[in-house]
Structure formats: structure tokens, C-alpha cells
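Descriptive analysis of the structure
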Amino acid sequence: MAKRLEGSGLMSLTYASLVRIEAFIGSLVSEWIEPHEGSRGGAPQKPLIAQLYEYSMTMTSKAGSGHSTNKPESRPPGNQIAMYLVDQITEEARELYERFSVAFNDNVRASSIAWYVLADLLHYCRQAVNGDIVSLYPLIRDVEHASAQWVKQVRILLKYDVREIILGEVSCHVCGGKLAVAEDASTDVRCIDSSCAEVYPRSQWVQMLADGA
Ligand SMILES: [Zn+2]
């Protein structure tokens, strides 16, 4: 595929990146629908950033059942993890925004509020892709990679997804690559080599582990 990266091919790949960025940032700042089947599939979900704020407040009020709910030192770790994640996303989005800002020769500083900087970043991505600004395509890729990571981290924290672990004992029978499975063993095992991406159904991988041991 890399050999065919030229002219309109590069442009359509970048357009595909923009579509993914729209979906990732969209789920952070706007209502969204869970795409795959599951307990929460179908119904509109609140923006993930809003859910992070709610999550942090829930953790605070649960711990502070007495009169001292607002004491900072009484806040449990759950609260801080959600807020750290908002801060981390905001900071990374600001850095990406600043790179666009320099490229477009704008003098508008990045917002320090997650909602605004993410929306502004998406706006810049659209501007770069719609304007066919090829020199900004690597930056579009960086935004795609970063926004995928943000959504992944938030979804794991909010329990939409389960963290994956890499299996140490056994490798892919097709390509010899590394294999991953949900931390709670609730998913199929999949090869993490993107050119292979072999999937071993949950019903089979227990046997595979036994054979590989
Ligand atoms: Zn493989």
C-alpha cells in the first residue's frame, strides 16, 4: 500500500484520517452512538469529556459521605485519574493546535478548556484537508494517532472497553507476531501485527494457550 502513496491516493488516505478524527473528537465533545453491539449500544451517549467530569464527581461524593466532601485531601484517586486524563488530553490537543497555528500563521492561542481546544483542533484538520495542504498531512496523521489514543484511554477508564494485555507465552500461528487479549479474558485473542490481524475466537484460544505452553 505504501508504494501507491502518491497524488490522489495520499489525499484520499488523508481524507480517511479526517473521517476518523471527526469520529474520535466527535465522541469526546458531542453525543455519540456506540457503534458495536453491547449493553450500551444504540442509545445516544453523552460526550466522553462530560462523562469524565461526571465520573470524577461521582467518585468524590461517594467517598465524602460526611460533612467534608469539599476537602481536596479527601478526594479519592478515581477523581484525580479522570481529571488528570482531561488535563492530559487538553495539553496534547493544545500542542497539536499550536503546530497548526504556526503553519497557518494565526496568532490565536489555544484554549485551555478541553471542549474548545478539541473543537478548534478539529476545525484546523478540516481546513487543512479541505484546502489540500499536503505539507500538513503528517500533522493530520499525528492528530489521528493522538485522538485515537485519547478515546481509547477514556473508554477504558469509563469501562466501555477493557484494557488489553499482550500474551507472553504464545505467538501468532500465522505470522509469529504478538497476541493480545482483554485483561479480563472476555474477548477473542487477536494478532497485533496490523498486516496480519488474525483473530482466534475465544472458544479456541484456551486450547491454543495449552498447546503453546
Ligand atoms: Zn499474526
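So, here is what we can say about the structure in this document. Predicted model only: the values in this text are computed from it and were never measured.

**Focus on the overall build of the protein chain**
Looking only at helices and strands, one finds six helices and six strands in the protein chain. Listed by position from the N terminus, the elements making up the protein chain come as α-β-β-α-α-α-α-β-β-β-β-α. Within the protein chain, the proportion of its 213 residues that are buried is 21%. Put simply, of all contacts in the protein chain between residues at least 6 apart along the chain, 45% involve residues at least 24 apart.

**Thoughts on helix α5 (residues 137–157)**
Compared with the 30 Å implied by 1.5 Å per residue over 21 residues, the 30 Å span of α5 between its first and last C-alpha is a close match. Every buried residue of α5 is accounted for by Ile140, Val143, Ser147, Trp150, Val151 and Val154. Looking down the long axis of α5, one finds its buried residues gathered within 95° of arc, a one-sided arrangement. Backbone geometry just after α5 places lysine 159 at a positive phi near 70°.

**Remarks on the sheet that holds strand β4 (residues 179–182)**
The strand order β3-β4-β5-β6 describes an open sheet built from four strands, whose pairing is antiparallel. Edge positions in the sheet fall to β3 (164–167) and β6 (199–200), since each has one partner strand and no second. Strand direction decides the pairing type here: strand β5 (residues 189–191) and β6, joined by two bridges, are antiparallel. Following the sheet pairing, valine 189 is matched in β6 by tyrosine 200.

Rules used throughout
Residues numbered from 1 in each chain as written. Predicted model: local features only at pLDDT ≥ 70, side-chain atom pairs only at ≥ 80, totals over all residues. Helix = DSSP H or I, 4+ residues; strand = E, 2+ residues; numbered from the N terminus. Buried ≥ 20, exposed ≤ 12 C-beta atoms within 10 Å, placed from the backbone. Contact = placed C-beta atoms within 7 Å. Expected span 1.5 Å × (residues − 1). Arc of directions from axis to C-beta. Pairing = 2+ DSSP bridges.

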